[in-house]
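Single-letter residue listing:
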Amino acid sequence: EPVAVRGSENGAAPFFSPDGKWIGFRLGTRLVKMPAGGGTPEVVCEAAGLVRAAWLERNAFVFADDGGLRQCSMTGQMTTLLASPAGESFNLPHGLPGDRGVLFSIQRDSTSRLAVLDLRTRAVKELDIAGRDPRYVTTGHLVYAGPDGLVRAVPFDLRAMQAAGDPVILDEGIPVELGGALMALSRT
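Now for a quick tour of the structure. (Residues numbered from 1 in each chain as written. Predicted model: local features only at pLDDT ≥ 70, side-chain atom pairs only at ≥ 80, totals over all residues. Heavy atoms only, no water.)

### Points about the side chain of aspartate 133
In plain terms, the rule: Counting from the N terminus, the helices are DSSP H or I runs at least four residues long and the strands are E runs at least two residues long. Polar contact criterion, stated in full: a pair of N or O atoms within 3.5 Å, where within protein one must be able to donate a hydrogen and the other to accept it, and residues adjacent in sequence count only if both atoms are side-chain atoms.
When you line up the elements, aspartate 133 lands in strand 13 (residues 132-137). Separated by 3.1 Å, the side chains of aspartate 133 and arginine 135 make a polar contact.

### Observations regarding the pattern of salt bridges
Side-chain pairing between opposite charges can occur once the charged atoms of the two side chains come close. In plain terms, the rule: Definition used for salt bridges: Asp or Glu carboxyl oxygen within 4 Å of a side-chain nitrogen of Lys or Arg. The classification of residues rests on relative accessible area computed with a 1.4 Å probe and restricted to protein chains. Under 20% of the type maximum is buried, over 50% is exposed, and intermediate values are partly exposed.
The full count for this structure, using the stated rule, is eight salt bridges. Arginine 30 is paired through a salt bridge with glutamate 46; the nearest N and O atoms lie 2.8 Å apart. Note that arginine 30 is positioned in strand 3 (residues 30-35) and glutamate 46 in strand 4 (residues 42-46), a separation of 16 residues in sequence. Of the charged contacts, one joins glutamate 126 and arginine 108 as a salt bridge, the two residues approaching to 2.5 Å between their closest N and O atoms. Remark: arginine 108 occurs in strand 10 (residues 101-108) and glutamate 126 occurs in strand 12 (residues 124-130); sequence separation between them is 18 residues. Residue classification places arginine 108 among the partly exposed residues on the basis of a relative accessible area of 27%. The network of salt bridges with common partners includes Glu88, Arg108 and Glu126.

### Considering the sheet that holds strand 8 (residues 79-83)
Applied cut-off: At least two bridges found by DSSP between two strands are what make those strands a pair. Axis definition: a line fit to C-alpha positions, over the contact stretch in the case of helices; interaxial angles, taken between N-to-C directions, run 0 to 180 degrees.
Strand order across the open sheet formed by four strands is 5-6-7-8, with antiparallel pairing between neighbours. The open sheet has two edge strands, strand 5 (52-56) and strand 8, and neither has a second partner. Direction aside, neighbouring strands of the sheet carry axes that sit 25° apart on average. For strand 6 (residues 60-65) and strand 7 (residues 68-73), the ladder comprises six bridges, and the chain directions are antiparallel. Note that in strand 7 the partner of valine 62 across the bridge is glutamine 71.

The following block contains the structure:
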């Protein structure tokens, strides 16, 4: 049974910390965090516009906004621009294990492709995959929603940060909207 999280009223776009003890979410124009059991939201940083975020292992948020991919630490409200799009939009980030990189979608016109940002070099590498909402799971796979409503998994090489095989279909009929695929997935 769903349980309301006390203190999260008017919150949107929630995401868990890697240890599952905290929830981050958008509250107005801010990204906030609070204990998963409820409490008082703590402001982490300003994030105007339609923002989707992920919680990195090194205790920072990475988020996509109209200007690109940004990062903010829990120690202050300073944000850092990691990558800026050219004639497209970046969205739906997901941190890779060890904070090696960030998976995300690149939206160009009516098409969406998967990409990865190397957090060490800040280089963006487009993957040859049409889809959105990329997530890495501990089996060594990249799971994503295709434009056809099919959820697929493809082996993913963390070291090279690229797909390493052929995708297989996991599920079908998943609604895919501008805000992402209507699915939830744990790292395991």
